[in-house]
Amino acid sequence: EEGAGGATKKAEKEEAEINDAVAAQLRVYESWFPPMRSVLRILSKIFRVVEPRVFEDIALSAVQACTKSLKDGSSHILRASGQIHADLFLVKHLLILREQLSPFDIQLRSVERQLDFSEAGKAVSRFLANRNRRLFSMSTENALVTLLREGVSVQESSVDSKRDLEDCLRSACNDFIEHTTSSLLGPISRFVDQCKNASSDGSTDVLRKESFMNGIVVKGMFGNAYDNLESELGNVSTQMKLYLENSSTQSILLKPVVRKITRALEEARRFIDEVPNDENDWDTELRDEVLKSASAFETRVKAATSTKQGSN
């Protein structure tokens with residue numbers, strides 16, 4: 001009896017674990033964007049019901065409409081909740097869409113043909129101007145045949161929804177990387193852009209005298225950027241966990257952000273070194289303080305992202 005009771009408890013425990021896993025998966029499924037969720041559900045139901053060619057045509061149109069709907073949803077979220085929410089919403093759902101389409105093993109390619117009447121007006125004019133036109137000739141010289149041949153053409157265009165989906169995903173990831181880099185750098189990003197514009201002709205004479213390059217101003221700018229860094233890092237980490245459950249995906253997106261920040265700080269140091277001491281309030285002590293602030297900023301970003309990747 002004790003053995004039977006133990007087996008029953010074990011079975012009940014395994015069943016409870018399965019139910020919990022199913023419930024968790026349903027919660028994830030219910031969190032998907034409703035239009036995309038509906039598209040994937042319909043495609044999964046008709047996959048083995050209709051002919052492969054018919055299914056691929058339906059899937060191609062569905063994926064095009066779904067991708068557009070996701071972009072529209074991202075634009076709405078941008079207005080309502082801000083940039084990082086819009087970026088991560090689009091990245092998340094495009095990743096899901098790509099993953100859910102892979103079991104269908106379809107190409108999502110087609111060639112669309114459309115009639116082009118752009119030359120029809122000229123062709124009609126030539127038809128009417130030709131007084132010797134042969135309407136009843138049984139050859140290629142027949143005026144009506146010539147009118148149709150010259151006035152109407154067939155335009156072909158290739159549609160590749162899978163490639164378009166990949167391009168859209170790549171663009172969404174790049175947008176997230178650019179926007180996140182800018183938000184973490186804060187005023188440093190604008191400072192680097194100003195320095196590039198001021199020295200665009202290859203000379204640093206103008207750069208040295210600019211008000212934004214004043215030593216005290218630059219020191220304050222780096223101080224403000226560092227003070228805001230902690231809250232910005234916390235916000236990015238929180239939102240990434242909210243939208244992207246896969247920790248490796250988070251790491252993949254963060255690596256280029258760190259590289260861009262490192263590159264921007266290197267450029268900032270280079271521009272700062274262009275200004276000699278005793279000019280625009282710069283001296284050796286102030287320069288060392290600013291460069292230390294830049295190094296502290298870089299170290300903090302790398303520590304935050306490496307800790308995150310290590311926890312993965």
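Higher on the page you've got the structure.
All of the points below concern the structure found in this document. For clarity, every value in this text was computed on a predicted model and none was experimentally measured.

Looking at unusual backbone geometry
Only a minority of non-glycine residues have a phi that is not negative, and only a minority of peptide bonds are not trans.
Stage number 1. Positive phi is not limited to glycine here, since Asp278 has a value of about 65°.
Stage number 2. Looking at the element boundaries, Asp278 is found in the loop between helix 11 (247-273) and helix 12 (284-311).
Stage number 3. By relative accessible area, Asp278 is classed as exposed at 75%.
Stage number 4. Even without being a glycine, Asp281 presents a positive backbone phi close to 70°.
Stage number 5. The partly exposed category is assigned to Asp281, whose relative accessible area is 46%.

Considerations on the pattern of salt bridges
Stage number 1. The tally for this structure, following the rule as stated, stands at 11 salt bridges.
Stage number 2. For Glu166, the salt bridge is made with Arg98, and the minimal N-O distance between the two is 3.2 Å. In this pair, Glu166 is assigned in helix 7 (residues 161-185) and Arg98 in helix 4 (residues 83-101), connecting sequence segments 68 residues apart.
Stage number 3. Judged by its relative accessible area of 27%, Glu166 is partly exposed.
Stage number 4. The residue Glu289 makes a salt bridge to Lys219 at a minimum N-O spacing of 2.8 Å. Taken together, the residues Glu289 in helix 12 and Lys219 in helix 10 (residues 215-243) connect sequence positions 70 residues apart.
Stage number 5. The class for Glu289 is partly exposed, based on a relative accessible area of 31%.
Stage number 6. By relative accessible area, which is 39% here, Lys219 ends up partly exposed.
Stage number 7. If you follow the salt bridges from partner to partner, you end up with Arg269, Glu298 and Lys302 in one network.

Quick look at the packing of helix 4 against helix 10
Relative placement of two packed helices is described by the angle separating their axes and the distance separating the axes.
Stage number 1. Where helix 4 meets helix 10, the closest approach of the two axes is 10 Å, and the angle between their N-to-C directions is 30°. In terms of their interaxial angle, helix 4 and helix 10 are classed as roughly parallel. Between helix 4 and helix 10 lies a crossing whose hand is right-handed. Packed against helix 4, whose contacting residues are Ile84, His85, Leu88, Phe89 and Lys92, the element helix 10 presents Asn235, Val236, Gln239, Met240 and Tyr243 at the interface.

Notes on the side chain of Ser74
Stage number 1. Within the secondary structure layout, Ser74 lies in helix 3 (residues 52-81).
Stage number 2. Ignoring anything within four residues of it in the chain, the contact list for Ser74 reads Ala86, Phe89 and Leu90.

Cut-offs used in this document
Residues numbered from 1 in each chain as written. Predicted model: local features only at pLDDT ≥ 70, side-chain atom pairs only at ≥ 80, totals over all residues. Heavy atoms only, no water. Helix = DSSP H or I, 4+ residues; strand = E, 2+ residues; numbered from the N terminus. Buried < 20%, exposed > 50% of the residue type's maximum accessible area, 1.4 Å probe, protein only. Salt bridge = Lys/Arg side-chain N within 4 Å of Asp/Glu carboxyl O. Axes fitted to C-alpha atoms, helices over the stretch in contact; angles between N-to-C directions. Parallel < 35°, antiparallel > 145°, perpendicular 65-115°, else oblique. Left-handed = near helix turned anticlockwise from the far one by under 90°. Contact = heavy atoms within 4.5 Å.

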